[in-house]
Amino acid sequence: MLGLGTVGAGVASILSTPEGRHPLVADLQLRRIAVRDLERPRPLNLAPGLLTTCPEAVVDDPAVDIVVEVIGGLEPARSLILRAIAAGKAVVTANKAVIARHGDEIAAAAAEKGVYVLIEAAVGGGIPIIEPLKQSLGGNRIQRVSGIINGTTNYILSRMAAEGAAYGEVLADAQRLGYAEADPAADVEGGDAADKIAILTRLAYGGTVPRPAIPTEGIHQLDARDVDYAARLGFVVKLLAVAQRVGSEPPKPADTTAAGLQLDVRVHPTLVPRGHPLAGVNGVNNAILVEGDPVGQVMFYGPGAGAGPTASAVVADILNIAGIRQATGGGSGTQGGGLDPLLAAGNWRQCSLVDGALTTHRNYVRLRTSDQAGVIGQIGSCFGQAGVSIQSIVQYAGEGSGAAGEASSAEIVVITHEVLEARFRHALDAIEALAEVHQVAACLRTL
Ligand code: NDP
Ligand code: HSE
């Protein structure tokens, strides 16, 4: 194993207590573990000599059949995974950052060597979602994959909404509980969710979309006012990741151009109606809704981060490989063995991201304006002229409103019906140019 932090310790804990688990667990031997700091206190009672600060010593050890990468980050994780593959070893990793960016390179190397690289823990923590997408739902034409796939931000948003807790304090709790990434900017700025939706996209649609091009907004700039206004209007705010097919269903040949299947993939804070199934997903829990033909809607729900849930997914992958090795006498999943195409999950078509201006959304907009007659009418006209239909428009008292000597101001919150992004942006440009509008203070998507 490479790494013995939150996830690594969770895996070691399962492997060292096989009683009552599947009998294959007892057949697994934790041979060597690479860490950064040998002096760091460890919660587990480990055999002397198990730890090393040299990850290559783990990967190169001829007695090691499966390399479990739970170091995190891009390097040395990528090089170590490729080194393990080159040595004909199966790999299990929880590292979504490396798979989202270097997944094709790693998959090609693994296919060439005839070894498995399994990644169940990389998305959704303890929720089985990778294997269901690869195998159980393989006969479907997937229309949309959407959901809450970052535990840290869901934990933060849930506690802010339920307790009015301060953002910084709740983030510190998420770090203490082992939910957050080594650099929590990856969580709160949306990058971790973007890594995960890139991985789910590849599995659901059979092709890779460029990870850096996925439009990504986090919760770090979310204003508590918008969470409050959303609640008054019957919504909760969640960080959602979405990957959906653009075009007709079933696809016509024209939908699959040289650029491949057109997909709308994105991550952003979203107003979710209080009655929607995703609105009730709180704390560190994640939920992923898969919509496919002919299955319909399938929802996956459970703990999305933390030692135990993530280790549960890592060990499932280890068992998968151990089971294949046992059934084939060590032949499959090692050099020269034939790979199960569903488990190996290679790409089978071209995919590309659609131009954002051509996507459609419902929107929430908060405007800071002068509190004077006719403002709402002018805003309504701008939307109307751009062909944007308004679902609701509400005025709230602005900051400083009514105080002696201050010009009175208002906050106007608009929720639109579903509209083409290009039309919506056109309307906002016109609204921003109105003398009575001081600022477009917030702009969020709505389910
Ligand atoms: P931690 O930071 O808790 O642990 C990282 C471990 O890797 C530590 O044991 C550290 O050593 C070791 N390490 C780091 N760099 C090196 C190096 N160069 N050589 C040897 N050892 C090294 O991370 P997590 O366990 O939280 O996360 C691990 C992976 O799992 C990441 O990819 C993360 O994204 C992913 N993941 C995490 C989840 C979670 O809930 N935490 C959930 C799902 C996926 P030392 O102990 O000496 O510092
Ligand atoms: N930091 C990640 C999260 C860990 O909070 O979801 C699980 O991938």
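Just above, that's the structure.
Rules used in this analysis
- Residues numbered from 1 in each chain as written.
- Chains lettered and ligands numbered in written order.
- Predicted model: local features only at pLDDT ≥ 70, side-chain atom pairs only at ≥ 80, totals over all residues.
- Heavy atoms only, no water.
- Near = heavy atom within 4 Å.
- Polar contact = N/O pair within 3.5 Å; in protein donor to acceptor, adjacent residues only side chain to side chain.
- Areas by Shrake-Rupley, 256 points an atom, 1.4 Å probe, with all protein chains shown as cover.
- Nonpolar A, V, L, I, M, F, W, Y, C, P; charged D, E, K, R; others polar.
- Helix = DSSP H or I, 4+ residues; strand = E, 2+ residues; numbered from the N terminus.
- Buried < 20%, exposed > 50% of the residue type's maximum accessible area, 1.4 Å probe, protein only.
- Salt bridge = Lys/Arg side-chain N within 4 Å of Asp/Glu carboxyl O.
- Phe/Tyr/Trp six-rings, centres within 6.5 Å; stacked < 30°, edge-to-face > 60°.

Caption draft 1: Representation of the site of ligand 1 within the structure. Of all residues adjacent to ligand 1, which total 25 residues, the nearest are Asp-37, Arg-40, Arg-42, Glu-181 and Gly-306. One nitrogen or oxygen atom from the main chain of Val-7 is found 2.9 Å from an oxygen atom belonging to ligand 1. Arg-40 places a side-chain nitrogen or oxygen 2.6 Å from an oxygen atom of ligand 1. When ligand 1 sits alone it has 900 Å² of accessible area, and the protein chains cover 88% of it. Residue classes in the shell around ligand 1 are distributed as 11 nonpolar, eight polar and six charged.

Caption draft 2: Looking closely at the side chain of Asp-192. Within the secondary structure, Asp-192 sits in helix α10 (residues 191-205). Look at Asp-192 and you get buried, because its relative accessible area is 2%. Of the polar contacts made by the side chain of Asp-192, one reaches the side chain of Asn-150; its length is 2.8 Å. Within the local environment of Asp-192, its side chain forms a polar contact with the side chain of Lys-196, the two groups lying 2.6 Å apart.

Caption draft 3: View of the pattern of salt bridges. In this structure the tally under the stated criterion is 25 salt bridges. Residue Asp-65 pairs with Arg-325 through a salt bridge whose shortest N-O separation is 3.5 Å. Taken together, the residues span a long stretch of sequence, with Asp-65 in the loop between α3 (55-60) and β3 (66-69) and Arg-325 in helix α12 (residues 307-327) at a distance of 260 residues. Here Arg-325 falls in the buried class, since its relative accessible area comes to 19%. Salt-bridge contacts for Arg-144 lead to Glu-291; the nearest nitrogen and oxygen are separated by 3.5 Å. Placement of Arg-144 in strand β6 (residues 141-148) and of Glu-291 in strand β10 (residues 285-293) is noted, with a sequence separation of 147 residues between them.

Caption draft 4: Just the packing of aromatic side chains, in detail. In this structure the tally under the stated criterion is three aromatic pairs. Their ring planes at 5 degrees and their centres at 4.3 Å tell us that Tyr-229 and Tyr-396 sit as a pair that is stacked. Placement of Tyr-229 in helix α11 (residues 224-232) and of Tyr-396 in strand β14 (residues 390-397) is noted, with a sequence separation of 167 residues between them. Like Tyr-229, the residue Tyr-396 is buried in the burial classification. Note on Phe-383 and Phe-424: the rings are 6.4 Å apart at their centroids and 15 degrees apart in plane angle, and the pair reads as stacked. In this pair, Phe-383 sits in helix α14 (residues 375-385) while Phe-424 sits in helix α15 (residues 421-432), placing the two residues 41 residues apart along the sequence.

Caption draft 5: The site of ligand 2, seen in detail. The environment of ligand 2 is formed by Lys-96, Asn-150, Gly-151, Thr-152, Tyr-179, Ala-180, Glu-181, Asp-187, Asp-192, Lys-196, Gly-304 and Ala-305. Contact distances for ligand 2 include 2.7 Å between an oxygen atom and a backbone N or O atom of Gly-151. The fraction of the free accessible surface of ligand 2 (260 Å²) that becomes covered by protein chains is 94%. For the shell around ligand 2, the secondary structure elements donating two or more residues are α7 (151-163) and α10. Tallied by class, residues from the shell around ligand 2 come to three nonpolar, four polar and five charged.

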